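Listed below, chain by chain, are the residues.
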Amino acid sequence: ATMAKHSVELVQQLKQSLGDMPQPDKSGAPISAHQAVAMLADEVRGLQDKGYTYAMIAEVLSAGGLKIAGGTLCTYMSRLARSRTYPASNGRPLSKPLASHSDTVSKTVSKLPNTNANIGASPSLQSSAKFSPAPDTEDL
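Residues numbered from 1 in each chain as written. Predicted model: local features only at pLDDT ≥ 70, side-chain atom pairs only at ≥ 80, totals over all residues. Heavy atoms only, no water.

If you tally the helices and strands in the chain, you get five helices and two strands. Element order for the chain, N to C, with α for helix and β for strand: α-α-α-α-β-β-α. The 140 residues of the chain split such that 16% are buried. Put simply, of all contacts in the chain between residues at least 6 apart along the chain, 43% involve residues at least 24 apart. For the chain, the exposed surface amounts to about 12,000 Å²; the carbon and sulfur share of it is 57%. (Helix = DSSP H or I, 4+ residues; strand = E, 2+ residues; numbered from the N terminus. Buried < 20%, exposed > 50% of the residue type's maximum accessible area, 1.4 Å probe, protein only. Contact = heavy atoms within 4.5 Å. Areas by Shrake-Rupley, 256 points an atom, 1.4 Å probe, with all protein chains shown as cover.)

On to the nonpolar core, then. Ranked by size, the top nonpolar core spans 15 residues in total, and within it Val-37, Val-44, Leu-61, Ile-68, Leu-73, Met-77 and Leu-80 carry the most contacts. Contributing elements (two or more residues each) for this core: helix H2 (33-49), helix H3 (54-63) and helix H4 (70-83). Per element, the largest residue contribution to this core is five residues, and it comes from H2. The residues touching Ile-68, leaving out its near neighbours within four places in the chain, are Val-37, Ala-58, Leu-61, Ser-62, Leu-73 and Tyr-76. (Core = buried A, V, L, I, M, F, W, Y, C linked by side-chain atoms within 4.5 Å.)

Those residues of H3 that sit buried are Tyr-54, Ile-57, Ala-58, Leu-61 and Ser-62. On an axial view of H3, the arc spanned by its buried residues comes to 135°, and they lie on one face. Those residues of H3 that are exposed and angled more than 90 degrees off the buried face are Glu-59, Val-60 and Ala-63. Phi turns positive, to about 115°, at Gly-65, one or two residues after H3. (Arc of directions from axis to C-beta.)

Turning our attention to a nonpolar patch on the surface. Nonpolar side chains collect at one region of the surface, where Ile-31, Met-39 and Leu-40 lie side by side and expose about 250 Å² of accessible area between them. Along the chain, the position of Ile-31 falls in the loop between helix H1 (8-19) and H2. On the basis of relative accessibility, which here comes to 46%, the residue Ile-31 falls in the partly exposed class. (Patch = residues over 30% accessible without salt bridge, like charges linked within 9 Å, V, L, I, M, F, W, Y side chains within 5 Å. Salt bridge = Lys/Arg side-chain N within 4 Å of Asp/Glu carboxyl O.)

Once that is clear, we can look at the confidence of the model for the chain. Here the chain shows a mean pLDDT of 77. Residues at 70 or above account for 66%. Considering each helix and strand of the chain separately, the mean pLDDT is smallest for strand S2 (residues 92-93), with a value of 49, and largest for H3, with 96. Predicted confidence is poor over residues 87-102, with pLDDT under 50, and the contacts of this stretch with residues over four places away or in other chains come to 24 contacts. Contacts for the low-pLDDT stretch residues 112-123, under 50 throughout, to residues beyond four places or in other chains number one contact. (pLDDT = per-residue confidence, 0-100.)

All right, on to the packing of H2 against H4 then. Where H2 contacts H4, the two axes come as close as 10 Å, and the packing angle between them is 80°. Classified by the angle their axes make, H2 and H4 are roughly perpendicular. Facing Ala-33, His-34, Val-37, Ala-38, Ala-41, Val-44 and Arg-45 of H2, the residues of H4 in contact are Leu-73, Tyr-76, Met-77, Arg-79, Leu-80 and Ala-81. (Axes fitted to C-alpha atoms, helices over the stretch in contact; angles between N-to-C directions. Parallel < 35°, antiparallel > 145°, perpendicular 65-115°, else oblique.)

In structure tokens:
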């Protein structure tokens, strides 16, 4: 089996051709229900602000062709809120970004009283044990 050889010129032409290709049209490509909810997230939030429940919104979406249960819609919206962006809708952030868990923990811990100040103050809590390292012996 002889390996085919290709000219540098041919590879450079192919490289140029591949680089010049436009983005494929994916507007008709199927997407998951989660991706669909991400694209509709702003509208779902707007309906929630008007007093609609996830179950009510899911009923409308299902009637329109996007079969989804209220609980599933709630789960998908929660995941989107945790990610802080709507990935399928151009990555727009939420109007009010959620505080990260570490930010919340840091703020909470900084409000706690400093209990470290009393460490070592009570002699009864300190051990009187002493450890002195000894050289190794040849006994195994």
